[in-house]
Amino acid sequence: EVQLVESGGGLVQAGGSLRLSCGVSGFTFHDYTIAWFRQAPGKEREGVSSISSHDGTTYYADSVKGRFTISRDNAKNTVFLQMTSVKPEDTGVYYCGATLGHFHRLPDYRGMDYWGKGTLITVSS
């Protein structure tokens, strides 16, 4: 069974940092592009960051560039999102998604084939 499991969410003060993890099982991790998305209360789901399956190319939403860093550890079947200088507008449920597709930009949520259940991040001001 294909599974993606997010962890690392919680409460954090504005300006602080935290790291999210997406553990993957049930398919060949190295073949997949992995991406992070988030959904704030009352808003649509939006792409945050992605990392390529074949060359490690990364993409970021303009709103998080310079603050968030995505990485992957193929030996551990895990993708990370290091979040620094967080803002109240970063609040939301963060999801990881996976796809065999590859992109030359941050992918839309419609491009994902598998999803985790999400982890909640709340940033206080």
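Residues numbered from 1 in each chain as written. Predicted model: local features only at pLDDT ≥ 70, side-chain atom pairs only at ≥ 80, totals over all residues. Heavy atoms only, no water.

> Go over the nonpolar core with me, naming the residues and quoting the values.
Ranked by internal contacts, the top residues of the largest apolar core, which has 27 residues, are Trp36, Leu81, Met83 and Tyr94. Sorting the residues of this core by element identifies strand E3 (18-25), strand E4 (33-39), strand E5 (46-51), strand E7 (68-73), strand E8 (78-83), strand E9 (92-99) and strand E11 (119-124) as the ones contributing at least two each. For this core, the element with the highest residue contribution is E3, accounting for four residues. Apart from the residues within four sequence positions on either side, Met83 is in contact with Gly16, Ser17, Leu18, Leu20, Arg67, Phe68, Tyr94 and Ile121. (Core = buried A, V, L, I, M, F, W, Y, C linked by side-chain atoms within 4.5 Å. Buried < 20%, exposed > 50% of the residue type's maximum accessible area, 1.4 Å probe, protein only. Helix = DSSP H or I, 4+ residues; strand = E, 2+ residues; numbered from the N terminus. Contact = heavy atoms within 4.5 Å.)

> Just give me the short version of unusual backbone geometry, but keep the residues and values in it.
Peptide bonds are trans in most cases, and residues, glycine excluded, mostly fall at negative phi. In the Ramachandran plot, Asn77 falls in the positive-phi region, its phi being about 50° despite a non-glycine side chain. Considering the arrangement of structural elements, one finds Asn77 in the loop between E7 and E8. According to the relative accessible area criterion, Asn77 is partly exposed, its value standing at 28%. Positive phi values are uncommon outside glycine, yet Ser85 reaches one of about 50°. By the element assignment, Ser85 lies in the loop between E8 and E9.

> Tell me about the state of the cysteines, and please be specific about residues and values.
Applying the stated rule across the entire model yields one disulfide. Residue Cys22 pairs covalently with Cys96 via a disulfide, S to S 2.1 Å. Here the S-S torsion is close to 70°, and the disulfide linking Cys22 with Cys96 is therefore right-handed. Taken as a pair, Cys22 in strand E3 and Cys96 in strand E9 lie far apart in primary sequence, 74 residues in all. Given a relative accessible area of 0%, Cys22 falls into the buried group. (Disulfide = S-S within 2.5 Å.)

> Can you explain the sheet that holds E3? Please cite residues and give values.
Strand order in the open sheet made by the four strands is E1-E3-E8-E7, with antiparallel pairing throughout. Looking at which strands have only one partner, the edges of the open sheet turn out to be strand E1 (3-7) and E7. Adjacent strand axes in the sheet meet at a mean angle of 15° when their direction is disregarded. (Pairing = 2+ DSSP bridges. Axes fitted to C-alpha atoms, helices over the stretch in contact; angles between N-to-C directions.)

> Tell me about empty space enclosed by the protein, and please be specific about residues and values.
Taken as a whole, this structure holds one cavity of 30 Å³ or more when the rule is applied. The space that makes up the largest cavity amounts to roughly 40 Å³. Forming the walls of the largest cavity are Thr33, Ser50, Ile51, Ser52, Tyr59, His102, Phe103 and Arg105. Here the residues of the lining of the largest cavity sort into three nonpolar, four polar and one charged. (1 Å grid on protein atoms, 1.4 Å probe; cavity = no way out; pocket = protein on both sides within 12 Å on 5 of 7 lines; lining within 4 Å. Points joined across faces, edges and corners; volume = space filled by probe spheres on them. Nonpolar A, V, L, I, M, F, W, Y, C, P; charged D, E, K, R; others polar.)

> Which residues make up the confidence of the model for the chain, and what are the values?
Per-residue confidence for the chain averages 94 on the pLDDT scale, and 100% of its residues sit at or above 70. At the level of individual helices and strands, the chain shows its lowest average pLDDT in E7, which scores 95, and its highest in strand E2 (residues 10-13), which scores 98. (pLDDT = per-residue confidence, 0-100.)

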